[in-house]
Amino acid sequence: IIARYTTENGLAGNSVNVIHESPDGSMWFGTRSGISKFKDGEFTNYNSENGLSNEYVRDIFEDADGTFWFGTYGGGLNRFKDGKFISITTKNGLFDDIVSRILIDGEDNFWMLGNRGIYSVNRKMLNDFADGKIKQVYCGAYTTADGMLTSEGNGGYQGAGLRTRDGKLW
C-alpha cells in the first residue's frame, strides 16, 4: 500500500527533512513548517504556537524515557517532555542555533552538527538546563581552526553523521 501524506491530510509541511519511528509505533516527521506526529491514522502538529523555537526541524532524537530532542535550523535544540517544549540556544550557551544532526556517544554526550562546526554537550547538563536547575550550558566545539575543511555541516537532504555499532561517530 502506498499512501501520500501532505498538508491536505494534516502533515505540518510538505518538505520533510527527517522521519523517526517511536517505540510506540508513532511516526514523527520534522518539516520546514514544524513537527507532525502520526498515530492511529491521525496527525498531531507542533509549531511555534505550541512552543517550538523554530519550525524548520532538521533532526529528531528520542531518549529511552520518551523525551524528544528536536534540532532546528536557527532555533537551537528543543527538548519536548511531558507535552512542553524547552529551547536551548546560543543565548543559553549552545555553540550554534543550527542543529542539523544529533548523535549520542558512549559517555552520554550529545554531538551536534551545525553551520559553525561540530559541538558537544552532556545530556545531563541539557536536562538540568531544561529543568531550570542551571542557567547556562557549556559546549566543546570543533571548527576549521581544529582542522575541519569547512565549518558548515547541515547535511543537505540527509542526516550528515551516524553512530556505528562499535560506538564511533562519523
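Preceding block: the structure.
Residues numbered from 1 in each chain as written. Predicted model: local features only at pLDDT ≥ 70, side-chain atom pairs only at ≥ 80, totals over all residues. Heavy atoms only, no water.

**As for the pairing of strand E1 (residues 16-21)**
At step 1: Bridge count for E1 against strand E2 (residues 27-31) is five bridges, and the pairing is antiparallel. Bridging across to E2, Val18 finds its partner in Gly30. (Pairing = 2+ DSSP bridges. Helix = DSSP H or I, 4+ residues; strand = E, 2+ residues; numbered from the N terminus.)

**Some details on the sheet that holds E2**
At step 1: Spatial ordering of the open sheet is given by E1-E2-E3-E4, a layout of four strands whose pairing is antiparallel. This sheet does not close on itself; its edge strands, each paired only once, are E1 and strand E4 (42-46). Within this sheet the neighbouring strands show an average axis-to-axis angle of 20°, counted without direction. (Axes fitted to C-alpha atoms, helices over the stretch in contact; angles between N-to-C directions.)

**Focus: the pattern of salt bridges**
At step 1: Tallying each qualifying case throughout the model produces six salt bridges.
At step 2: Between Asp59 and Arg101 there is a salt bridge, and its shortest N-O distance comes to 3.3 Å. With Asp59 in strand E5 (residues 57-62) and Arg101 in strand E9 (residues 101-104), this residue pair connects regions lying 42 residues apart in the sequence.
At step 3: Between Lys168 and Asp166 there is a salt bridge, and its shortest N-O distance comes to 3.8 Å.
At step 4: Linked by salt bridges that have partners in common, Asp63, Asp108 and Arg123 make up one network. (Salt bridge = Lys/Arg side-chain N within 4 Å of Asp/Glu carboxyl O.)

**Considerations on the packing of aromatic side chains**
At step 1: Applying the stated criterion across every chain, the model contains 19 aromatic pairs.
At step 2: Residues Trp69 and Phe110 carry aromatic rings whose centres are separated by 5.0 Å and whose planes lie at 75° to one another, so their mutual orientation is edge-to-face. A residue pair is termed long-range when its members are at least 10 positions apart, and Trp69 in strand E6 (residues 68-72) and Phe110 in strand E10 (residues 109-113) qualify at 41 residues. For the pair formed by Trp69 and Phe110, the shared burial category is buried.
At step 3: Pairwise contacts between aromatic rings join Trp28, Tyr46, Phe68, Phe70, Phe80 and Phe85 into one cluster. (Phe/Tyr/Trp six-rings, centres within 6.5 Å; stacked < 30°, edge-to-face > 60°. Buried < 20%, exposed > 50% of the residue type's maximum accessible area, 1.4 Å probe, protein only.)

**Observations regarding the sheet that holds strand E8 (residues 84-88)**
At step 1: On the basis of which strands lie adjacent, the open sheet formed by four strands has the order E5-E6-E7-E8 and antiparallel pairing. Both edges of this open sheet fall to E5 and E8, since each of them pairs with a single strand only. Averaged over neighbouring strand pairs, the angle between their axes works out to 20° when direction is ignored.
At step 2: Across the sheet, helix H1 (residues 123-130) is in contact with E5, E6, strand E7 (77-81) and E8; its angle to E8 comes to roughly 115°. (Contact = heavy atoms within 4.5 Å.)

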